[in-house]
Amino acid sequence: MNTSMLFIILSISIILLAACSDKAVVSATNTESNTEKTTASTVTDSWLGKWNGPEGTFIEISGGNGSYIITIQDLDGPKQYQGTHKDNQIMFDRNGTAEIIEASTGADTGMKWLADKANCLRVRLGEGWCRD
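Residues numbered from 1 in each chain as written. Predicted model: local features only at pLDDT ≥ 70, side-chain atom pairs only at ≥ 80, totals over all residues. Heavy atoms only, no water.

Engineer: Before we go on, may I ask you to explain the overall build of the protein in this structure?
Structural biologist: Helix and strand content of the protein: two helices and eight strands. When the helices and strands of the protein are read in sequence order from the N terminus, they spell out α-β-β-β-β-β-β-α-β-β. Residues counted as buried form 30% of the 132 residues belonging to the protein. In the protein, of all internal contacts separated by at least 6 residues, the share reaching a separation of at least 24 is 28%. Of the roughly 8600 Å² of accessible surface on the protein, a fraction of 58% belongs to carbon and sulfur atoms. (Helix = DSSP H or I, 4+ residues; strand = E, 2+ residues; numbered from the N terminus. Buried < 20%, exposed > 50% of the residue type's maximum accessible area, 1.4 Å probe, protein only. Contact = heavy atoms within 4.5 Å. Areas by Shrake-Rupley, 256 points an atom, 1.4 Å probe, with all protein chains shown as cover.)

Right under this line is the structure:
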């Protein structure tokens, strides 16, 4: 085998190895990004279902994987909103106001009817729901 042929084979081998290593880096990056998103929305996905408040009020969260349908039943009746996961919270827009659903204790809802509960959600002080 002559020197020029050896040089060509060596050059092709280097190019092929470089191409393979770039794919591995891109694939690892995509896997890490998907894992972080899945892990983060797992917290809010655990909130799926119905949470009860006083006097027949409730919040019901459906959907999953970071995208939610939120039904809030208050004394005026049920209303639905679209929500998305962000930083272990669910963000949604209610009548032009950005709202956040977050994990809470009954005492942190500010509602005396829920004060002794531990597993709750709240939007703001005075608006919360718990699971028994």
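Past the structure itself, the notes keep going.
Engineer: Would you mind showing me how to read the state of the cysteines here?
Structural biologist: Note on terminology: disulfide describes a covalent bond linking the sulfur atoms of two cysteines. Under the counting rule described, the total for this entry stands at one disulfide. Put simply, Cys120 and Cys130 are joined by a disulfide, and their sulfur atoms are 1.9 Å apart. Disulfide Cys120 to Cys130: torsion about the S-S bond roughly 95°, handedness right-handed. A residue pair is termed long-range when its members are at least 10 positions apart, and Cys120 in strand β7 (residues 120-124) and Cys130 in strand β8 (residues 127-130) qualify at ten residues. For the pair formed by Cys120 and Cys130, the shared burial category is buried. (Disulfide = S-S within 2.5 Å.)

Engineer: Is there a simple way to explain the pattern of salt bridges in this structure?
Structural biologist: Scanning all chains against the criterion turns up six salt bridges. A salt bridge links Arg94 to Glu99, with the shortest nitrogen-to-oxygen separation between them at 3.2 Å. Neither Arg94 nor Glu99 differs from the other in exposure class; each is buried. A salt bridge links Glu102 to Arg122; the nearest nitrogen and oxygen atoms lie 3.2 Å apart. Remark: Arg122 occurs in strand β7 and Glu102 occurs in strand β6 (residues 97-104); sequence separation between them is 20 residues. Overlapping salt bridges bring together Arg94, Glu99, Arg124 and Glu127 as one network. (Salt bridge = Lys/Arg side-chain N within 4 Å of Asp/Glu carboxyl O.)

Engineer: I would appreciate a short explanation of the nonpolar core in the present structure.
Structural biologist: Grouped burial of nonpolar side chains is what soluble globular proteins tend to show. One finds Ile59, Ile70 and Ile101 to be the most contacted residues of the largest nonpolar core, which totals 14 residues. Of the residues forming this core, the biggest block, three residues, is contributed by strand β3 (residues 67-74). Setting aside anything within four residues of it in sequence, one finds Ile101 in contact with Trp47, Ile59, Ile70, Gln89, Ile90, Phe92, Leu121, Arg122 and Val123. (Core = buried A, V, L, I, M, F, W, Y, C linked by side-chain atoms within 4.5 Å.)

Engineer: What should I look at first to understand the packing of aromatic side chains in this one?
Structural biologist: Scanning the entire structure with this criterion turns up one aromatic pair. The ring of Phe58 has Lys50 lying over it, and the distance from NZ or CZ to the ring centre is 4.4 Å. (Phe/Tyr/Trp six-rings, centres within 6.5 Å; stacked < 30°, edge-to-face > 60°. Lys NZ or Arg CZ within 6 Å of the ring centre and 35° of its normal.)

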